[in-house]
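# Summary of the model geometry
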Amino acid sequence: MVNLKQLVKNPLKAFGSKSSKDFKPEVFDRHVMTTYGRFPLALTRGAGCRVWDDQDKEYLDFVAGIATCTLGHAHPAMVEAVTQQIQTLHHVSNLYYIPEQGALAQWLTEHSCTDRVFFCNSGAEANEAAIKLARKYGHTKLGIDEPVIITANASFHGRTLATITATGQPKYQKNFAPLVPGFHYVPFNDIEALEREILALNANALRVAAILLEALQGEGGVNPGNVQYFKRVRELCDQHKILLILDEVQVGVGRTGKLWGYENLGIEPDVITAAKGLGGGVPIGAMLCKSSCDVLQPGDHASTYGGNPFVCGVALRVCQTLESENLMANANARGQQLRQGLLKLVNAYPHLFEQVRGWGLINGLVLQPDAPLKALDIVKSATVQGLLLVPAGPHVVRFVPPLIVSESEVNEALEKLTTAIQNVT
Ligand SMILES: *Cc1c(COP(=O)(O)O)cnc(C)c1O
């Protein structure tokens, strides 16, 4: 039996060790479902762009909760916002008006092409909300009985049943059938394939209510949207009265060097979903839409935690800090510096690497299809050097550091990565 008082003081004691610094993964896995393939690493504290494990080994964190910790770890603005909000009011029901929620919605809509916001707790839930909105829009505005939503191959939209169905990657759907009906898939950045799919669906009396795409495919391999493609997608949507939904869960809120991913594409979506970076690490999700497609009425959708004073108060401070610390300008400058450094590695190891791609501070180092290594091999080797990275599929190493990352930290990451690559080749 565990001693709860001791555990609260030091959770590492749950792992059966006398010392406070001895983490045993097998004890953890006995009690926590093994739904994640975890690195054998227990992180216990963080500051800025750095985290420390139970052995006090230091790591430069270029994962940032997978593009979530916008302000890094223990940022004074986060500490102050969390403390202030928990001392004032942290949770009340959406039965009542929540001023912080209204304030955040006002800032988000004034700084995007949208007019209204629904708040939830995660990226998958934001996409669920968008899917419900699109279906009701199809039924009530377009008179479609069974509205179809088109998504892209290699996309990622979350892990709920509807969002794994929206996700164009069979590995996430395997063994979870029956899936949610009403989704069709096309190759990303291929306008002719999209035109053909819309025509084919029309010919079968299946009508499209929405197209759901990422501005840049994150999990699918850090693959940016093509400007010409998105221009034509927007035209097709206007022509057929189809909603264009952009999943900006990974790229929204400053990560690309612009507040929204769509600003890199020269178009405006009808609906945006956001989550990861918005709360800087507190769980929040949001669906933003233009008033012209806001068909949701009281009773149509809800979330117990969605948009509570705590997360909205913190997200407001994240947005304020994005502005006050010029973090989007930093994302652009540091992103450019990082890509230049990575390009040198591509040139130094042409048999290993194909290219570098990305926007702002979401970047991918792409391995050659026949490289003798996988992205995971490089990530593991970098971990030994004290640099945390995350793969985006088998052939892409992803770099998503906090937006506060400094010039010297980017150089340090490049040095550690170079050593890591030398050690596996
Ligand atoms: C992470 C992610 C999601 C899912 O977000 P959760 O908060 O894990 O539900 C959806 N879409 C994209 C593009 C993502 O990167």
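This text goes with the structure placed above it.
Keep in mind the model is a prediction, meaning the values are calculated, not measured.

Looking now at the overall build of the chain. Of regular secondary structure, the chain possesses 13 helices and 17 strands. Relative to the 2.2 N^0.38 estimate, which gives 22 Å for 425 residues, the radius of gyration of the chain is 22 Å and therefore close to what a compact globule would have. Across its three principal directions, the C-alpha atoms of the chain cover 65 × 55 × 45 Å. Relative to its full complement of 425 residues, the chain shows a buried share of 53%. In the chain, the proportion of contacts linking residues at least 24 apart, taken out of those at least 6 apart, comes to 70%. Total accessible area on the chain is roughly 19,500 Å²; 53% of this is exposed by carbon and sulfur atoms.

Of all the six residues making up strand E14 (residues 362-367), six are buried; the element is thus mostly covered by neighbouring parts of the structure. Residues of E14 alternate between two faces, with Ile-362, Gly-364 and Val-366 on one and Asn-363, Leu-365 and Leu-367 on the opposite face, all of them buried. Pairing of strand E13 (residues 353-359) with E14 involves six bridges; the strand directions are antiparallel. Within E14, the position partnered with Trp-359 by the bridge is Ile-362.

Every residue lining the ligand is accounted for by Ser-122, Gly-123, Ala-124, Asn-127, Phe-156, His-157, Gly-158, Glu-214, Asp-247, Val-249, Gln-250 and Lys-276. At a separation of 2.8 Å, an oxygen atom of the ligand approaches a polar backbone atom of Gly-123. In the model, an oxygen atom of the ligand is placed 2.7 Å from a nitrogen or oxygen of the Gln-250 side chain. Contact with the protein chains removes 81% of the 380 Å² of surface that the ligand exposes when unbound. Ranked by the residues each element gives to the shell around the ligand, the list is headed by helix H6 (residues 123-141), at three residues. Looking at the shell around the ligand residue by residue, the class counts come to three nonpolar, six polar and three charged.

This part is about the nonpolar core. One finds Phe-62, Leu-194, Ile-211 and Leu-417 to be the most contacted residues of the largest nonpolar core, which totals 95 residues. Broken down by element, this core gets its largest block of residues, eight residues, from helix H10 (residues 309-324). Setting aside chain neighbours within four positions, we find Leu-194 in contact with Ile-150, Val-186, Ile-211, Tyr-229, Val-233 and Leu-236. Counting 25 residues, the second-largest nonpolar core is a separate cluster that includes Phe-118, Tyr-137, Ala-166 and Cys-289.

What counts, and where the lines are drawn
- Within any chain, residue numbers begin from 1 and follow the written order of that chain's sequence.
- Confidence filtering applies because this is a predicted model: local features only for residues at pLDDT of at least 70, side-chain atom pairs given and counted only at 80 or more, and all residues used for totals across whole chains, interfaces and linings.
- No hydrogens and no water enter the side-chain calculation; it runs on all heavy atoms of the structure.
- The numbering of helices and of strands both runs from the N terminus, where a helix is a DSSP run of H or I of at least 4 residues and a strand a run of E of at least 2.
- This radius of gyration counts C-alpha atoms alone. The globule rule is 2.2 Å times how many residues there are, raised to the power 0.38.
- Per-residue accessibility, obtained with a 1.4 Å probe over protein chains only, is compared with the maximum for each type, and a residue is labelled buried under 20%, exposed over 50%, and partly exposed between these values.
- Residue contacts are defined here by distance: any two heavy atoms, one from each residue, within 4.5 Å place the two residues in contact.
- Accessibility throughout is a Shrake-Rupley quantity obtained with a 1.4 Å probe, and a residue counts as covered only by protein chains that appear here.
- When DSSP finds at least two bridges between two strands, those strands are taken to pair.
- Distances are taken per atom, and a residue is near a molecule or strand as soon as one of its heavy atoms is within 4 Å of it.
- Counted as a polar contact is a pair of N or O atoms within 3.5 Å, where, for protein atoms, one must be capable of donating a hydrogen and the other of accepting one, and residues adjacent in sequence contribute only when both atoms are in side chains.
- Residue classes follow a fixed rule: Ala, Val, Leu, Ile, Met, Phe, Trp, Tyr, Cys and Pro count as nonpolar, while Asp, Glu, Lys and Arg count as charged, and any other residue, Gly among them, counts as polar.
- By nonpolar core we mean a set of buried residues, namely Ala, Val, Leu, Ile, Met, Phe, Trp, Tyr and Cys, connected to one another through side-chain atoms within 4.5 Å.

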